[in-house]
Amino acid sequence: MLRYSLLSIPSLRFHATVRSIHGTPILFWRLKDETKLGESQVIERIVRIIIHNRAETISGLSFEFSVKILDGVVEKLKLKPELSLEFFRLAKKDSKFRPPPRSYCKIIHILSRGRMFDDAKAFLHELVGMFRSEVSDAFIFNELLDVYREFSFSSIVFDMLLKVYAQRGMTKKALYVFDNMGRFGFCPSLRSCNSVIGSLVQKSENYVAFQFYEQMVQIGIVPDVFTVTMIVDAYCKEGMVERGLEFMMEMDRKGFELNKVTYHALINGYCNLGETNSGFQVLRLMDDKGILPDAVTYSLFIKGYCKEGKLEEAEKLLYEIKEKYDMVRDEVAFGTVISGYCRNGKMEDAIRVQEMMVHEGLKTNVITCNILINGFCKLGKLREANQVITDMVLSWGLQPDSYSYNALLDGYCRKGLMDVAFELCNEMQQKGIKPTVLTYNTLIKGFCRNNRIDDAVNLWYVMKNRGVKPNEVTCSTLLDAFFKVGNHERALTLWNRILNMGLTNEITFNTMINGLFSMGKVVEANELYGRMENLGCFADNITYRILIDGYSKAGNIGQAFLVKKKMENNGILPSIEMYNSLISGLFKSDKSNEVQDILVEMENKGLSPNIVTYGALVHGWCREGKLEKAFIIYLEMTKKGLTPNLIILCSLLSTLYRFGRINEANMFLQKMVGVDLSIGSTNCSKLIDHGSSEHVIEKINAFLNETAGTCMLPKVILYNIVLCGLCKSGRSGDARNLFVELLRRGFIPDNFTYCTLIHGCATTGDVNEAFKLRDEMLTRGITPNIVTYNTLIGGLCKSGNIDRAVRLFTKLPQKSLSPDVISFNTLIDGYCKSGQLSEAFMLKNEMIEKGIPPTVVTYSVLINGFSKIGDMETSRKLLDEMIQRGVNPHYVTLSARFHGCIRSGNVDQISNLYGDMHKRGLLSGVRDDRQNCLTDNMEARMPISQTILEAVC
C-alpha cells in the first residue's frame, strides 16, 4: 500500500521497503524527487496508487497533467472502467489541463465496454457540446472510430453518438453518423433511429424524415408504433394528411398495433389543414379498432374549429363532451375555446366561457388567466388586462407568473407606453419574479417599434450586466431595427458580434440575409446563404422566401426561379408569399407574358390569390400602362370580398393621373373613399378640376370634411392618397397648399406623406421646396430614409445641380444611410445627361466594389449615354459585361445601341444587333422616339371607360 512518510525532515531519502504484517510493501519517498521521474514512471506510479484504492493521494504528487499521462493511465486501466473514470474526473478538475477529444473518446469506449452507459452518455454529451459547430460532421465519429480500432471495443458507442446528436437537435451530424455506421459494420438501434426521426420532425425537416425512414427499413430495422406515429405526424405537418392516412392503414395491415396517439396525430393534421369535419372519419377508424376517444380527442376537434374561426361549433362540441358523450371536460378543453375567442377578439365570449368553467367546479388556472391577459392586450384593452391580474390575486388565489407580466408588458410596449412598462418591470422584481430574456426581448422590441434604437441598445447592455444572456430573438430584433432605419454600419457590426457569440440560427440568418438584400448587396446575401450550412443552420421556408423576394426585387428573376426549384427539390412546398414575389419580379424584369403561367401553377397547387397577389398584379399592369387589365384584376378582387389596400388604390390612381384621365381618377377616388356621388353630377370634378387652382383647396377641403367621418380608410391614408393624386397629376403646388391646410386641422403626417410631397416637388424641378420639406421632416422627428434622399438626388440631377447631387450622395454615410442601387442609378443617369460619362462609368465600378450589382437600368443608362456620343466600342463592352453578369438587356438597352449604330453608320453592327434583338423577341420594339410617343398616347386614350365605370359604380 503506497503511503507518504509522516516525517517532514527536508533531507529525508528513500528507505528500503519494510514488509508489514499484511505483506504489503510500504514505500517512502521525497515529493521533490518526482519531478525527476519520466512520464512513463509517473504513469506507473499513478496506476499503482489507483489500483490500491488510494486515488485521493494523487493530488499530493508533484506532476502536471498531460495528454500522455492521462491516456497512459486510462489505457492501462481500460479493463477497470470504474478506476479509469475516477482518474479521468481528477484530470478534468485540474484548472491547467483540458482533456482533448481523443481522450474523451477513450474513456467513452472504456465506460461502454463496462456497461457504464450513463457515464458514457454524459461524456458524449459533453464532448459534442464542446464542439457543436466548430468541427466537421466527421470529426467526433472518426475520433471514436480510431479508438475503436485501437481498443477493439465498443461498437455501441456509435449508436450512442447517433442518439446524442438526435437529442441535441444536431440532425445533420446525426445523419452523417447513420450513413457511415453501416460502412464499418455497426448497426443503429431502433430507439436511436426513433430519436433521429423525432428530432427531424420537431425541426420540420419532414421530407428528410421520410427518406431516413426508408433507409432505416432497407437496412432491416423494424419500426414500432412510435416510428409510425412520428411519420404520420410528419405527413400531417406537411399538409399531406391523406398520405399519412394511407401510411397508417398500410402499417395496420402489416399487423402494427396502433395506439390512440397515432390517431390523434391524424386528427390534428386534418384540423391544422382547416378540414376539421373531415377529421371525424378518424373517429370511425378508432371505433373499428375498439379504441375509445377521450377528452383529448375532442379537444383536438375543438382546437380545429377555433383555428377555422368556427367558434360556435367549438363551443357546441365543448357542451356535447359532457351532455352527449358523458365525458369530463377539463381545463384544457375550456382553455382551448377561451383561447379561440381571445384570438378572434371576442373577449366577452371568452369571459363567459371562463365563468362557465368555474361554475362547473373547475378552477381558473394561471394558463387561462394568461390567455385572457394576452387577448385584452392584443386589443389594447390594458385596463381590462390589469383587472385580470387583480382578480388572479384577490379572487382566484393565483400569483401572476413571468408570462402574465410579459403579456402585459407587450401591451404597454405596443401602445408606446415604455415608461409604464418599466414601472411594471420594477413591480415584477419586487414580487420576486426576475425578468427573463423574454421580458428584455419584449422591451427591446417595444423600443425598436417606437424608433428608440439607442434605448434598445442600452437595454441590451443592461440585460447582459444583470446576467441575462441575449438570445437569437434579441439579436434578430436589433438587427432588423438597424436595417429598417438604414443604419447598415451598426447592423454589420452587430452581425459580427452575433457570430462571435455563437448566436446564429435560422432566424438570425434570415434577418441578416433580408437586410443585405435591402441594402442592395445581392452577392453578399447569396454568400451568407451559402455559409448557413457550414455554421450548422439549414435554410427553411422563410429563407427561401427571402431569397426569392430579394432576387425578384433586384430584377434577377432567373435566379429567383432557380431558388424556387432548389426549394422544391428540398421538399419545401411553395407558399402564396413566394408566388407574390415572383409575380412582382416578372413585371420588374419585363416578363409579364409569364405571369399567367404562375397564376395557373398557383391554382394547380391549391393556392388562392390574396390581397398582396392582387396588389402585385394591379401594380404590374399599371406599371406597363395596361389599365384595362389592371381594372379587370381590381374588379375580380372586389367581387371576392377583398378590400383594396393603399398600394392598389395608389397604383390605379397614379396611372389614371399619369395618362391625364383626371375625371376618371376623381370618380374612382370618390368611390374609393365611400362617397355616393352620381357620375353625371357636377360633383364629378369636385376634387380636382382643370381650371385655375384659385378655389381648388377649398373644394378639396370640403370634400375631405364630407368624407373623413364615413371613410372606409384611415384618415392618414385618405389624405395621403389625395396628396399623392395631386402630385402625380403635376399639381405639387396644390398638394403643398392642401398639406398646410391639413396640418392646421390636426393632421399628423408620416414618412409616406413627406416622401410623396418631396417627390412631387423634385419632379417639377422645385428642389429648394423639396429640401425645405426634408428639413420639416427632421423638425417633426421623422427620419428621412434612403427613398427620400434618392428623390432629392434625382431632383438635383433633373434641375442640373449635378455637383450638389454628388455632395448629397457622398454625405449619405454621415446620415447613417448606405446608398442603394437606386441611389447609384440616379446619379449615374445625372452624370450621363450632363455629359460626364467618365464619372458615370467610374461610379458604376464603385457600385460593383461596394457589392451592389448593376441592374438593367444601370447598363441601359450608360449604353445610351455612350451611344449618343458615338462611342460604340464602350457601349459594346458595357453590353458584353451586362450579359456576362447575367443581366438580360431589354428593349431600352438594345434600342439605345441600335440608334447609336444608325447614327454612326455602322451597318455590320446594325445587322448583328438586329439579329440579337430578333433572338430576344425584341424586334417589334424597334421604334423611333416619335413612334414611342404616339403609341403611348394611343394607349392612354384606349377606351377603358366602361371598365372604370364598372369599378366605380
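Everything numeric in this text was worked out from a predicted model, so none of it was measured. (Residues numbered from 1 in each chain as written. Predicted model: local features only at pLDDT ≥ 70, side-chain atom pairs only at ≥ 80, totals over all residues. Heavy atoms only, no water.)

**Q** Got a sec to walk through the overall build of the chain? Specific residues and values, please.
**A** The number of helices and strands found in the chain is 51 helices and two strands. Here the chain holds 953 residues, and 50% of them are scored as buried. Pairs at least 24 residues apart make up 62% of the contacts formed inside the chain by residues separated by at least 6 positions. When the accessible surface of the chain is split by element, carbon and sulfur atoms take 51% of a total near 46,300 Å². (Helix = DSSP H or I, 4+ residues; strand = E, 2+ residues; numbered from the N terminus. Buried < 20%, exposed > 50% of the residue type's maximum accessible area, 1.4 Å probe, protein only. Contact = heavy atoms within 4.5 Å. Areas by Shrake-Rupley, 256 points an atom, 1.4 Å probe, with all protein chains shown as cover.)

**Q** Go over the side chain of Thr262, please, and point to the residues and values.
**A** Topologically, Thr262 is positioned in helix 13 (residues 260–272). Thr262 has contacts with Val225, Val228, Thr229, Val232 and Met248, leaving out every residue within four places of it along the chain.

**Q** Please give an account of the layout of surface pockets that cites residues and values.
**A** The computed volume of the second largest pocket comes to approximately 1,200 Å³. In this structure, the second largest pocket is lined by 37 residues; those nearest its centre are Ser204, Ala539, Asp540, Asn570 and Ile572. Broken down by element, the residue count for the lining of the second largest pocket peaks at four residues, all from helix 10 (residues 206–218). Here the lining of the second largest pocket is composed, by residue class, of 15 nonpolar, 12 polar and 10 charged. (1 Å grid on protein atoms, 1.4 Å probe; cavity = no way out; pocket = protein on both sides within 12 Å on 5 of 7 lines; lining within 4 Å. Points joined across faces, edges and corners; volume = space filled by probe spheres on them. Nonpolar A, V, L, I, M, F, W, Y, C, P; charged D, E, K, R; others polar.)

**Q** For the packing of helix 42 (residues 786–798) against helix 43 (residues 802–810), give the residues involved together with the corresponding values.
**A** Helix-helix packing: each pair is described by the crossing angle between the helix axes and the interaxial distance. Between helix 42 and helix 43, whose axes approach to 7 Å, the crossing angle comes to 160°. By the angle between their directions, the pair helix 42 and helix 43 is classed as roughly antiparallel. Here the hand of the crossing between helix 42 and helix 43 comes out left-handed. In contact with Tyr789, Leu792, Ile793, Leu796 and Cys797 of helix 42, helix 43 contributes Ile802, Arg804, Ala805, Leu808 and Phe809. Within the contact of helix 42 with helix 43, the residues separate by chemical class into nine nonpolar, no polar and one charged. (Axes fitted to C-alpha atoms, helices over the stretch in contact; angles between N-to-C directions. Parallel < 35°, antiparallel > 145°, perpendicular 65-115°, else oblique. Left-handed = near helix turned anticlockwise from the far one by under 90°.)

**Q** Quick one: what's the story with the confidence of the model for the chain, residue by residue and with numbers?
**A** With 83% of its residues at a pLDDT of 70 or more, the chain has an overall mean of 82. Mean pLDDT across the elements of the chain bottoms out in helix 50 (residues 929–940) (36) and peaks in helix 9 (residues 190–202) (96). Confidence over residues 1–32 falls short of pLDDT 50; this stretch has 47 contacts with residues more than four positions distant or in other chains. (pLDDT = per-residue confidence, 0-100.)

**Q** Give a description of the packing of aromatic side chains that names residues and reports values.
**A** For any pair of aromatic rings, the description consists of the separation of the ring centres together with the inter-plane angle of the planes. Within this structure, the stated rule accounts for 29 aromatic pairs. Between Tyr148 and Phe158 the ring centres are 6.0 Å apart and the planes differ by 80°, which places this aromatic pair in the edge-to-face class. Remark: Phe158 occurs in helix 7 (residues 156–167) and Tyr148 occurs in helix 6 (residues 139–151); sequence separation between them is 10 residues. Judged by relative accessible area, which is 24%, Tyr148 ranks as partly exposed. Using a relative accessible area of 0% as the deciding quantity, one classes Phe158 as buried. An aromatic cluster is present here, built from Phe141, Tyr148, Phe158, Tyr176, Phe184 and Phe186 joined pairwise through their rings. One cation-aromatic arrangement involves Lys844 over Phe841; the distance from NZ or CZ to the ring centre is 4.5 Å. (Phe/Tyr/Trp six-rings, centres within 6.5 Å; stacked < 30°, edge-to-face > 60°. Lys NZ or Arg CZ within 6 Å of the ring centre and 35° of its normal.)

**Q** A description of the side chain of Ser66 should follow, citing residues and the corresponding values.
**A** Its location among the elements puts Ser66 in the loop between helix 1 (39–51) and helix 2 (67–76). At 3.2 Å, the side chain of Ser66 and the side chain of Glu39 are in polar contact. When sequence neighbours within four positions are dropped, the list of residues in contact with Ser66 reads Glu39 and Phe97. (Polar contact = N/O pair within 3.5 Å; in protein donor to acceptor, adjacent residues only side chain to side chain.)

**Q** Which residues make up unusual backbone geometry, and what values do they have?
**A** A cis amide bond links Phe153 with the next residue in sequence, Ser154, at an omega value of 0°. Along the polypeptide, Ser154 turns up in the loop between helix 6 and helix 7. The phi dihedral of Asp590 falls on the positive side, at around 60°, and the residue is not glycine.

**Q** Describe helix 32 (residues 595–604), with residues and values.
**A** Among the residues of helix 32, Val595, Ile598, Leu599 and Met602 are the ones counted as buried. When helix 32 is viewed along its axis, its buried side chains cluster within an angular range of 100° and face the same direction. More than 90 degrees from the buried face of helix 32, the exposed residues found are Asp597 and Asn604. At its buried positions, helix 32 is contacted by helix 30 (557–569), helix 31 (576–588) and helix 33 (611–623). Following helix 32 by one or two positions, Gly606 adopts a phi angle in the positive range, close to 80°. (Arc of directions from axis to C-beta.)

**Q** So, the pattern of salt bridges: which residues are in play, and what are the values?
**A** Where charged atoms from two side chains of opposite charge come close, those side chains can pair. Tallied over the entire structure, the rule returns 43 salt bridges. A salt bridge links Lys431 to Glu427; its shortest N-O distance comes to 3.5 Å. For Lys431, a relative accessible area of 48% translates into the label partly exposed. The partner of Lys553 in a salt bridge is Asp549, and the shortest N-O contact between them spans 3.1 Å. (Salt bridge = Lys/Arg side-chain N within 4 Å of Asp/Glu carboxyl O.)

**Q** Describe the packing of helix 3 (residues 81–93) against helix 5 (residues 117–130), naming the residues involved and giving the relevant values.
**A** At a closest axis distance of 13 Å, the pairing of helix 3 and helix 5 adopts a crossing angle of 30°. One element, helix 3, and the other, helix 5, form an angle in the roughly parallel class. In this structure, the crossing between helix 3 and helix 5 has a hand that is left-handed. Within the contact between the two elements, helix 3 uses Leu85, Phe88, Arg89 and Lys92 and helix 5 uses Asp119, Phe123 and Glu126. Counted by class, the contact of helix 3 with helix 5 contains three nonpolar, no polar and four charged residues.

**Q** Please give an account of a positive patch on the surface that cites residues and values.
**A** Taken together, the side chains of Arg804, Arg807, Lys811 and Lys815 define a basic patch exposed on the protein surface. Here Arg807 shows up in helix 43. (Patch = residues over 30% accessible without salt bridge, like charges linked within 9 Å, V, L, I, M, F, W, Y side chains within 5 Å. Lys, Arg positive; Asp, Glu negative; His and termini not counted. Charge placed at Lys NZ, Arg CZ, Asp CG, Glu CD.)

**Q** How would you sum up the environment of Asn451? Please name residues and give values.
**A** As for its position among the elements, Asn451 is in the loop between helix 23 (437–449) and helix 24 (453–465). Expressed as a C-alpha distance, the spacing of Asn451 and Phe482, which sit 31 residues apart in the sequence, is 9.9 Å.

**Q** Describe helix 7, listing the residues and the values that go with them.
**A** Between the first and last C-alpha of helix 7 there are 17 Å, a value that for 12 residues agrees with the 16 Å anticipated at 1.5 Å per step. Regarding helix 7, the residues found buried are Val157, Phe158, Asp159, Met160, Leu161, Leu162, Val164, Tyr165 and Ala166. A positive phi of about 75° marks Gly169, the residue just after helix 7. (Expected span 1.5 Å × (residues − 1).)

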